[in-house]
Amino acid sequence: MLRRLAILLLPLLALPAHAGESLEQAVAAAPPGATVSVPAGVHAVHLRLDKPITLIGEPGAILDGGGSGDVVRIRASNVTVRGLTVRRSGTDLTAMNSGIFVERQAHDIVISGNRIEDSLFGVYLDGAANVRVAHNVIRGMRNLRVADRGDGIHLWNDTGCTIEGNDVAGSRDGIYVYVSPHNTIARNVVHDVRYGIHYMYSQDNVLLDNVSRGNLAGYALMSSHHLKVIGNSSEDEKSYGFLLNYISHSEIAGNRVHRVNGQSDDAGGTIDGTEGKGLFVYLSQLNDFHDNLVADSQIGIHVTAGSENNRLWSNRFVDNRIQVKYVQNLAQEWSAHGRGNFWSDYLGWDLDADGIGDVPFRPNDGVDVLLWKYPSARNLMSSPSVLLLRYVQRAFPVFTPPSVQDSHPLMKAPTPLRSDHEPRD
C-alpha cells in the first residue's frame, strides 16, 4: 500500500539528477508528469523531452549543446522548461538549430525564466499550439553575419501562443511570426536586431506594449490582416518605426515612435532613399490609425503604392522634418467623426475655441510631389519658377494635385491612449 502511494505521489515531487547519473538518464527514468530538478553545473546535453515533464534548473544550471544540433527538443505536450541557462546550439539554418525547439505535435508548453544564449534560434515553435514563452533572456550569435543568424523567437504555423516579457537581442529578427493566427505578443523588449517584431501571413494577432529600440525597423508587419497593434513603442531605429506592407482591417493605436533618423553614410549624412520613417504604409488598406505619436523623425508618415481607405484620427505628429510624404494620385481625408490629428507645424487658427482648427491642414503641395518623383529637381528649389508655382497653388487651390487633407486638425495634442500600459523593460 505504501509503495503504491509513493508511485502516485512521484509525479508531484522534484527528482534531482544524482551524482554519477547524467541528466539524460534522469529524464529518461522520470515517469510522465514528474518534475526533474537540474543541479548547478554545466551539463553537456542534447535533451529530447518526449513525455509530459517539468524541467527546473537550480541556480547555476547550464545546458550546453557543444555547438551542434538543438540543445533541448520538446516532442511531447504538457512540458515545462524553467530557470535554466541554455547555450551553444548548432549553426545550421536549414536544420533550424535552436536553444529550445518545440515540435508540431506538442501543445500546452511553458518555456519560462530561462537564459538562452549563443544559439542560432533561441526558441523555435514548429507548428505547436498553446505555447507560453515568457520572461526569457535570449541572445543570438553575434559572431555571425545578420543574414546567417536565426531569430530570437520564431513561430511557424502556431496558434494560441503567448510570447510575453522576453528580452531579445543579437539575433536576425527579434520575434518572427509566420503563418500563425490567434497569438499574443506582449511586453517584450527587442534591441540590436534587424526587425524587432516581424509578421508574415498571420491573422488575428495582438501586439501589445512591446518595446523596440536600436533596430533597422521596429515592427515589420507584412501580408497580414486583423492585427491589433496597441501600446507599442519604437525608438532610435535606423529605417522604420512601423512598416505596414499589405496590411488590412487592422488597428494601429496608442503606439509611440521616436527618432527614426535613417541610415548614415561615412560623412554622417543620410543615404539617399534611406530616410527614417516613423510610419511607412505600403499597399495597405482599410486600417485604423489613432492615438499614435510619431516624433523627431525624418519622415513622420510615408504613404504610397495604393494605400487607400485608411482612417487616421487623434494621432500626434510632432517635430518630424517632413510630417507627411504622400506619393499617390488620390485625394484622401485624414480625419474621422469630425476629429483630425495634431500637427506640430499647423499654422491655422481656432476662432470658435472648439479645439479644432478652422482651416484644413494640407501637408504637401505639388512641388513636394514633384521633388519626390524627381529628386534631381531639388537643384531648382530656390529658383523663381518653383517659388511662383508654390504661390499659384496657394492662391488657386484648383491647381493643387490630389493629396492628403486633414479637415479637422487638433489645436492641442490629445491625451495619450493607454497611459496605464507603459511598457516595462
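Before any of the text, the structure's been laid out above.
Keep in mind it's a predicted model, so treat the numbers as computed, not measured.

J.: Can you lay out the overall build of the protein chain for me, pointing to particular residues and giving the numbers?
T.: Check the secondary structure of the protein chain and you find four helices and 40 strands. Put simply, the protein chain has 425 residues, and 52% of those count as buried. Once local pairs closer than 6 in sequence are excluded, the contacts in the protein chain between residues at least 24 apart make up 47%. Summed over its atoms, the accessible surface of the protein chain is roughly 18,600 Å², and 55% of this surface lies on carbon and sulfur atoms.

J.: Go over unusual backbone geometry with me, naming the residues and quoting the values.
T.: The phi dihedral of Tyr-201 falls on the positive side, at around 55°, and the residue is not glycine. For Tyr-201, the position within the fold is in the loop between β22 (195-200) and β23 (206-208). The phi dihedral of His-249 falls on the positive side, at around 50°, and the residue is not glycine. Note that His-249 resides in the loop between β28 (240-248) and β29 (251-253).

J.: Explain the nonpolar core to me, and be specific about the residues and the numbers.
T.: Residues Leu-63 and Ile-74 are the most contacted members of the largest nonpolar core, which totals 71 residues. Discounting chain neighbours no more than four positions away, the residues touching Ile-74 are Leu-49, Val-79, Val-81, Ile-100, Phe-101, Val-102, Glu-103, Ala-106, Ile-109 and Ile-111. Core analysis: the next-biggest nonpolar cluster, separate from the first, contains eight residues, Tyr-176, Met-200, Ala-217 and Met-222 among them.

J.: Let's hear about the side chain of Ser-112: which residues, and what values?
T.: One can find Ser-112 in strand β11 (residues 107-112). Classification of Ser-112 as buried rests on a relative accessible area of 16%. Excluding its chain neighbours within four sequence positions, the residues that come into contact with Ser-112 are Val-81, Arg-82, Gly-83, Ala-134 and Asn-136.

J.: Can you lay out the pattern of salt bridges for me, pointing to particular residues and giving the numbers?
T.: In the structure shown here, the tally under the stated rule is 17 salt bridges. In this structure, Asp-126 and Arg-104 form a salt bridge, with 3.3 Å as the shortest nitrogen-oxygen distance. With Asp-126 in strand β13 (residues 121-126) and Arg-104 in the loop between β10 (98-102) and β11, the pair connects residues that are 22 residues apart, well separated along the chain. For Asp-126, a relative accessible area of 11% translates into the label buried. Among the ionic contacts, a cluster of salt bridges with common partners joins Asp-70, Arg-73, Arg-75 and Glu-103.

J.: I'd like to hear about the environment of Gly-83, residue by residue, with values.
T.: Secondary-structure assignment places Gly-83 in the loop between β8 (79-82) and β9 (85-87). Among the residues examined, Gly-83 registers a relative accessible area of 30% and is labelled partly exposed. The spatial distance from the C-alpha of Gly-83 to the C-alpha of Ala-61 is 8.1 Å, given a sequence separation of 22 residues. Ignoring anything within four residues of it in the chain, the contact list for Gly-83 reads Gly-57, Glu-58, Ser-112, Gly-113 and Asn-114.

J.: Could you give me a rundown of the packing of aromatic side chains, with the residues and numbers involved?
T.: Aromatic ring pairs: the centre-centre distance and the angle between the two ring planes describe each pair. Applying the stated criterion across every chain yields a total of eleven aromatic pairs. Arranged with centres 6.2 Å apart and planes meeting at 45°, the rings of Phe-280 and Tyr-282 form a pair that is tilted. Among the residues examined, Phe-280 registers a relative accessible area of 12% and is labelled buried. Its relative accessible area of 34% is what places Tyr-282 among the partly exposed residues. Centre to centre, the rings of Trp-343 and Phe-361 are 4.6 Å apart; their planes meet at 20°, and the pair counts as stacked. Here Trp-343, found in strand β39 (residues 342-343), pairs with Phe-361, found in the loop between β39 and α3 (366-373); they are 18 residues apart in sequence, far enough to count as distant. In this structure, Trp-343 and Phe-361 share a single accessibility class: buried. Chaining the aromatic ring pairs together yields one cluster made of Phe-317, Trp-343, Tyr-346 and Phe-361. Directly above the ring of Tyr-195 sits Arg-194, whose terminal nitrogen or CZ lies 4.5 Å from the centroid. It is Lys-277 that lies over the ring of Phe-280; its NZ or CZ is 5.7 Å from the centre.

J.: Which residues make up the sheet that holds strand β34 (residues 299-304), and what values go with them?
T.: Reading across from one edge, β4-β7-β10-β13-β16-β19-β22-β25-β28-β31-β34-β37 is the order of the twelve strands in this open sheet, with parallel pairing throughout. In the strand order of this sheet, the two ends are held by β4 (47-49) and β37 (322-327), each with one partner. For this sheet, the mean angle separating the axes of adjacent strands, direction not counted, is 10°. In this sheet, β34 lies alongside strand β31 (residues 277-282) in parallel orientation, the contact comprising five bridges.

J.: Can you explain empty space enclosed by the protein? Please cite residues and give values.
T.: Evaluation of the coordinates by the stated rule reveals one cavity of 30 Å³ or more. Put simply, the largest cavity is a space of about 40 Å³. Val-281, Phe-289, Ile-301, Val-303, Ser-307, Asn-310, Leu-312, Gln-332 and Trp-334 are the residues that line the largest cavity. Tallied by class, residues from the lining of the largest cavity come to six nonpolar, three polar and no charged.

How each quantity is defined
One numbering rule holds for all chains: residues counted from 1, following each sequence as written. Note on the predicted model: pLDDT of at least 70 is required for a residue's local features to be given, and 80 or more for side-chain atom pairs to be given and counted; whole-chain, interface and lining totals, by contrast, use all residues. With hydrogens and water stripped out, all remaining heavy atoms of the structure feed into the side-chain values. To qualify as a helix, a DSSP run of H or I must reach at least 4 residues; to qualify as a strand, a run of E must reach at least 2; elements of each kind are numbered from the N terminus. Burial classes: relative accessible area under 20% of the type maximum marks a residue as buried, over 50% as exposed, and values in between as partly exposed (1.4 Å probe, protein chains only). Contacts are assigned to residue pairs with any non-hydrogen atoms lying within 4.5 Å of each other. For every accessible area listed, the method is Shrake-Rupley and the probe measures 1.4 Å; residues are considered covered only by the protein chains on display. Here, the term nonpolar core denotes a set of buried Ala, Val, Leu, Ile, Met, Phe, Trp, Tyr and Cys residues that are joined through side-chain atoms within 4.5 Å. Salt bridge, as used here, is a side-chain nitrogen of Lys or Arg placed within 4 Å of a carboxyl oxygen of Asp or Glu. Working definition: rings of Phe, Tyr and Trp (its six-membered ring) pair if their centres are within 6.5 Å, and the pair is stacked with planes under 30 degrees apart, edge-to-face with planes over 60 apart, and tilted otherwise. Distance and angle both matter: a charge sits over a ring if NZ of Lys or CZ of Arg is within 6 Å of the ring centre and within 35 degrees of the ring normal. When DSSP finds two or more bridges between a pair of strands, those strands are recorded as paired. Working convention: axes come from line fits to C-alpha atoms, limited for helices to the stretch in contact. Angles between N-to-C directions cover 0 to 180 degrees. Using only the protein atoms, space was sampled on a 1 Å grid; points where a 1.4 Å probe fits but cannot get out form cavities, open sets with protein on both sides within 12 Å along at least five of seven lines form pockets, and lining residues are those with an atom within 4 Å of a point. Grid points are joined across faces, edges and corners, and a volume is the space filled by probe spheres set on the points. Only Asp, Glu, Lys and Arg are considered charged in this grouping, and only Ala, Val, Leu, Ile, Met, Phe, Trp, Tyr, Cys and Pro are considered nonpolar; every other residue, Gly among them, is considered polar.

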